[in-house]
Amino acid sequence: MYTLINYLLDNELALIGLGRAPVNALGHTLRQELQAAFRQASADPAVKAMVVYGHGLPFSAGADLAEFDGAAFATPSLPDLLIELAGSDKPMVAAIGGLALGGGLELAMACGYRIGESKARLGLPEITLGLLPGAGGTQRLPRLVGAETALDIILSGQPLRPERALELGLLDRLAASADTLLDDARAYARELLQAGAPAQPAAPHAAPGDALPANYFTAYTAGKASQWKGQLAPHLVIEAVRIACEQPLEVGLPRELELFVEAMESPQSKALRHLFFAEREAAKVPGIDASLPLRPIKKVAVIGAGTMGGGIAMNFVNIGMPVVLLEQKREALDRGLAQIRKNYEITAKRGKLTQEQVEQRMALLAGTLDYADLADADLVIEAVFESMEVKRQVFATLDEVCKPGAILATNTSTLDVDQIAAFTRRPQDVIGLHFFSPANVMRLLEVVRGKQTALDVLATALKLGKQIGKLPVVSGVCYGFIGNRMLEPYAREAHRLLLEGATPAQVDRVLTDLGLAMGVLSMYDLVGIDVGYLIRTPLRESLASDPSYYRVSDELYALGRLGQKTGRGMYIYEGRERQDDPEVLAIAERLAAELGIQRREITDQEIHDRCLFALINEGIQILDEGIALRAGDIDLVWTCGYGFPTVLGGPLHYAEDLGLERVLAGLRQYRAQLGAYGEQWFQPAALLERLVATGQTRINKQ
Ligand code: T1G
C-alpha cells in the first residue's frame, strides 16, 4: 500500500516510518502517503496514539527543494498536511533522529510531542535559501519557545543541539541514544496515554507577543538594517513572527503562506536555491561514480611553509591527518611552524579550540628540510614560488623520491599543470589543488585536472577536498583556471575605465553596490598590486597589442605602491581608513594623454556593464571550452572565492536574470563604441551568440 512509508501497528500505537532516501525530503508522494497513514491511524479505533519517525533515515531535511521551481505544490501541500496533523485527536509523538530541518521540524512541531536523540540537529535553515518557514514554523515556534527565541532561531538558520532544544521546550524528551530512539518514543507515547495527556497540549507561550516591548519588531528591524542590506527574506520573517504575536493561528497561517510564496518567487531565493543544487552538482564528474576505488590518503606532505603552505597544512591537521612540512631553510621552516601554532592559539583564545587540541594538532605536524621524509607520503602538495623553473625542480625531485601511487599536487594559481606534470614520469598522478588565501579559511578549492590526470586521482582529490571542509570545483588547464581567468577581463575593464575617466572609488562603489564584498581595485590593494603584476607576466607578451593594458597598475608597481602593505596603491591607507589618492588620478590622466585616450564622464551603468559583461563573457567562454563542467560550477567559484553576492546566484545566474540578449547587446555595443580596444576585447563568446540565436534563456553548454 505504501512505497515511502513503513506503517506498523504496535498494539495501541501506530508507528509511521518515513522512508524516502536519502533525507526524507517531504516531496509530493511522501506527503500523500503520510496523509494516508495519518488518516488510517486516525480512523483505526485500535490506535490510541501515533509515533512518526525516520525509517532508517534522518527524520526529515524539510520540504523538497526540487519542487519549488515547478508548478504549484501538488496536494496535499505541506502547510495543509501539517494543519491536518495538528488537528489530530490522538497524541502524536515525533521521534527525531539525525535531522529535523525546515519543513521537517515543522512536521515535528505539528505533532503534539517531540523526543530527540543526542546527535540530532533541529533547525529552520530556510533563511539561508532566501526563504522563511512556510508550513507553520513562524506561527508554531513562537508559541513553543517564545517570540524572541523563535526569531533568533529562524533568522540565524542555524541548527540547535538537542540539549538546547530541550531547554527551550522545542523537545519534550531526550532518548538515551539513536538506537533506543524508537523504543523510547513508544514508551513516551504509552506514558502520555497512561497520563491521559491531550492530543494537543497547551502552548507554553500561547500569546507570544505579550512579553515583548511595544515597538519590539520595529526596533529589531532597525538594528539589523545594515546586516540585512538588500535582503528580502529577513523582513518577511519579521512580519510573519509579528503576526504570530498579534493574531490567532487561523489568521497567522494563511498570512505566513503568502509571505512564503513572496520569498519563494523572489530572484534572491531562486539564486540561493540555484547555488544549493550547484554545490551538490559540483561533486559529480562524468566518468566518476561511487564505485571507483580511491587512493588511500593517510599521510600528507606540504612543500613550502609560507602563508599558503602553512594554511594548506592546517586543513589536513584539522581532520587528524599527519602532515610533514618541508622547507629549504631551517629559519623558514621554524617561522612557518610558529605561524601555524600562532593561528591555532588565536583560535583557542576565541574559545573554538582547547589548548589540548592545539597541542594535538601541532603534534600531527612534522617539519623537515629533507625530501627523503616525503617518501611515504600518499599526497604531496607543493606551495612554492610561482615560477615554472622552481616547480620543475620540485616535481623532478618528487618523481625521484615519492612512492609509486602518491598523488603529486601543485597549488599553482596560474601555471600550466600539464607542463608541471611533464616534469615527472607519472603525469597521471599529478593534479592541481588551487587553494585560496587564507588556505585554512577559504572554502573554495579549484581541483585542476591535467590531460593525463587519472580518474581515481581526481576522485580522491574531490573526496579529500570535501573531507577538509572545502568546496571542490573541477577545472581544466588554462591560464587562471576558472576564477583567475575570469578575474582578468573583469579587472581589465576596471583598470581601463580609470584611463577613460572613472576614479577607483567610483569603480569600486558600483561593484560593492551590486553586492560584491570588495571592489576589484581595492581587492588588488589588499592582495598586493605586485601579485597582480606578477600573475600577468605569462600574458604580457600576448597583450602588447593593447598598450593600455593595466597601465595604471604597472605604474604603481614601478613606484613601489603595492597597496595596503605599503600604505599606498590605488588608494592611500591611513590605518583602517582608505582615502582617494589624487596622484593616481594624475597618473591616469597622464597615461590617457600618452595613449591618446579621450577622457570623459563615465556612468555607473557603463562601469557595471563593462566589468560584469566581460566577467560573464569569459565565464561562458570557459564553459564552451570545457574548462568548467557546468555553469553552476562557475557560479560557485565566484560566490565562494571572489565575494560575488550569493543573492545574485553567481555571474552566470546573474546573466540569466539580466537576460542573455542584454549581455550580448552590451558586448556588441562596447565592441563598436570603443574602437580598437573594443574590437580586441569585446568579442562575444560564440556560445553566448548561439544561445541567444536559438532563444535560450539558460546558460548550458550546447
Ligand atoms: N530537498 C531536496 N533534496 C535535498 C534536500 C531538500 N530539502 N536536502 C538534501 N537534498 C538532497 C541533496 O540535493 C543531495 O542530492 C542529497 O539530498 C544529499 O544531500 C516548507 C520551505 C540535509 C544537511 O534547507 O542542508 O523546508 O546530490 O549532499 O552533506 O518551511 O542536504 O544526492 O542527488 O547535502 O549529508 C529546508 C537542505 C528546505 C536542508 C544533508 N531544508 N539540505 O547534507 O548531503 S525548505 C534545508 C541540507 C523548507 C519549509 C521550507 C543538506 C543536509 P544528490 P547532501 P549532506
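Residues numbered from 1 in each chain as written. Predicted model: local features only at pLDDT ≥ 70, side-chain atom pairs only at ≥ 80, totals over all residues. Heavy atoms only, no water.

1. Description of the domain arrangement of the protein chain
Buried accessible area, meaning the area lost when the parts come together, often serves as the stated size of an interface. To keep it simple, the criterion reads: All domain edges in this entry derive from an automatic or database-based domain assignment. The contact criterion used is simple: two residues touch if any of their non-hydrogen atoms lie within 4.5 Å. When two components associate, each loses some accessible surface as probed by a 1.4 Å sphere; the sum of these losses over both components is called the buried area.
Taken as a whole, the protein chain is organised into domain 1 (5-264), domain 2 (300-475) and domain 3 (483-693). Placing the centre of domain 2 and that of domain 3 at their C-alpha centroids yields a distance of 31 Å. Every contact between the two is made by 12 residues of domain 2 and, on the other side, 12 residues of domain 3. For the pair domain 2 and domain 3, the summed buried area comes to about 1,000 Å², and 68% of that belongs to carbon and sulfur atoms.

2. As for the site of the ligand
For clarity, the cut-off: A cutoff of 4 Å decides nearness: a residue is near a molecule or strand if any of its heavy atoms lies inside that distance of it. Pairing of N or O atoms within 3.5 Å defines a polar contact, subject to two protein rules: one partner must be a possible hydrogen donor and the other a possible acceptor, and residues neighboring in sequence count only if both atoms are side-chain atoms. What sets the accessible areas is the Shrake-Rupley method with a 1.4 Å probe; for residues, cover comes only from the shown protein chains. Here a cavity denotes grid points, spaced 1 Å and computed from the protein atoms alone, that fit a 1.4 Å probe unable to get out, and a pocket denotes an open set having protein on both sides within 12 Å along at least 5 of 7 lines; residues with an atom within 4 Å of a point are the lining. For a cavity or pocket, the test is whether more than half of a molecule's atoms lie within 2 Å of its grid points; if they do, the molecule sits there. Residue type decides the class: Asp, Glu, Lys and Arg count as charged, Ala, Val, Leu, Ile, Met, Phe, Trp, Tyr, Cys and Pro as nonpolar, and the leftover types, Gly among them, as polar.
Taken together, the neighbourhood of the ligand is formed by 25 residues, with Ala61, Gly103, Glu106, Glu126 and Arg280 sitting nearest. One nitrogen or oxygen atom from the main chain of glycine 103 is found 2.8 Å from an oxygen atom belonging to the ligand. Between the ligand and glutamate 126, the relevant distance is 2.8 Å, taken from an oxygen atom to a side-chain nitrogen or oxygen of the residue. Contact with the protein chains removes 72% of the 990 Å² of surface that the ligand exposes when unbound. When each cavity is represented as a set of grid points, the ligand is found to reside in the second largest pocket. Of the residues belonging to the shell around the ligand, the class tally is 16 nonpolar, 4 polar and 5 charged.

3. Focus on the environment of leucine 171
Which entries qualify depends on this criterion: We count a stretch as a helix when DSSP gives it H or I for four or more residues in a row; a strand needs E for two or more, and each element gets its number in order from the N terminus. Buried residues are those whose accessible area, probed at 1.4 Å on protein chains only, stays under 20% of the maximum for their type, while exposed residues exceed 50% and partly exposed ones sit between those limits.
Looking at where leucine 171 falls in the secondary structure, it is placed in the loop between helix 6 (162-168) and strand 8 (173-174). On the accessibility criterion, leucine 171 (2% relative accessible area) is buried. Distance in space between the C-alpha atoms of leucine 171 and alanine 655 is 45 Å, their sequence separation being 484 residues.

4. Some details on the sheet that holds strand 4 (residues 92-96)
Selection rule: Strand pairing is assigned whenever DSSP detects at least two bridges linking the two strands.
Reading across from one edge, 1-2-3-4-6-8 is the order of the 6 strands in this open sheet, with mixed pairing throughout. Each edge of the sheet is formed by a strand with only one pairing partner; in this case those strands are strand 1 (5-10) and strand 8. One ladder, built from 6 bridges, connects strand 1 with strand 2 (residues 13-18); its direction is antiparallel. Following the sheet pairing, tyrosine 7 is matched in strand 2 by isoleucine 16.

5. Here's the deal with the packing of helix 25 (residues 604-624) against helix 30 (residues 686-693)
To be explicit about the condition: Axis lines are fitted to C-alpha atoms, over the contacting stretch for helices. Their N-to-C directions set the angle, which ranges from 0 to 180 degrees. Between 65 and 115 degrees an angle is taken as roughly perpendicular, under 35 as roughly parallel, over 145 as roughly antiparallel, and anywhere else as oblique.
Relative to each other, helix 25 and helix 30 sit at 95°, their axes nearing to 7 Å. With respect to their mutual orientation, helix 25 and helix 30 come out roughly perpendicular. Between helix 25 and helix 30, the residues in contact are Asn617, Ile620, Gln621, Leu623 and Asp624 and Ala686, Leu687, Leu688 and Arg690, respectively. When grouped by side-chain class, the residues that make up the contact of helix 25 with helix 30 number 5 nonpolar, 2 polar and 2 charged.

6. So, helix 30
Note the cut-off: The arc in question is the one traced by the directions running from the helix axis out to the C-beta atoms.
Buried residues of helix 30: Leu687, Leu688, Leu691 and Val692, and no others. Within helix 30, the buried residues cover an arc of 130° as seen down the axis, which keeps them to one side. Its buried side turned inward, helix 30 meets helix 25 and helix 28 (660-673). Of the residues trailing helix 30, glycine 695 is marked for its positive phi of about 70°.

7. So, empty space enclosed by the protein
What counts, and what does not: Grid points are joined across faces, edges and corners, and a volume is the space filled by probe spheres set on the points.
Within the structure shown, the criterion is met by 1 cavity of 30 Å³ or more. Its volume calculated, the largest cavity comes out at about 40 Å³. Lining of the largest cavity is provided by Phe316, Leu433, Phe435, Leu445, Ala461, Leu464, Gly465 and Ile468. Broken down by secondary-structure element, the contributors of at least two residues to the lining of the largest cavity are strand 14 (430-435) and helix 17 (455-467). When residues of the lining of the largest cavity are assigned to their parent elements, the largest contribution, 3 residues, is made by helix 17.

8. Quick look at the layout of surface pockets
Roughly 1,200 Å³ of volume is contained in the second largest pocket. Ala61, Ala63, Leu65, Leu129 and Phe276 are the residues nearest the centre of the second largest pocket, which is lined by 49 residues in total. Taken together, the elements giving at least two residues each to the lining of the second largest pocket come down to helix 2 (78-86), strand 5 (99-101), helix 3 (103-110), helix 10 (249-264), helix 11 (267-281) and helix 26 (631-641). Tallying contributions element by element places helix 11 first for the lining of the second largest pocket, with 6 residues. Here the residues of the lining of the second largest pocket are counted per class, giving 30 nonpolar, 9 polar and 10 charged. When residues are assigned to domains, the lining of the second largest pocket turns out to be shared by domain 1 (5-264) and domain 3 (483-693), each giving three or more.

9. What about helix 26?
Here helix 26 lies mainly inside the structure; 11 of its 11 residues are buried. What helix 26 keeps buried is the set Ala631, Gly632, Asp633, Ile634, Asp635, Leu636, Val637, Trp638, Thr639, Cys640 and Gly641. Where helix 26 is buried, its residues meet helix 11, strand 15 (444-449), strand 16 (471-475), helix 18 (483-500), helix 25 and helix 27 (651-658). Phi for glycine 643, located one or two positions after helix 26, is positive at around 75°.

10. Observations regarding the environment of threonine 149
Take threonine 149: it is sitting in helix 5 (residues 147-156). For the pair threonine 149 and leucine 168, spaced 19 residues apart in the sequence, the C-alpha separation amounts to 8.4 Å.

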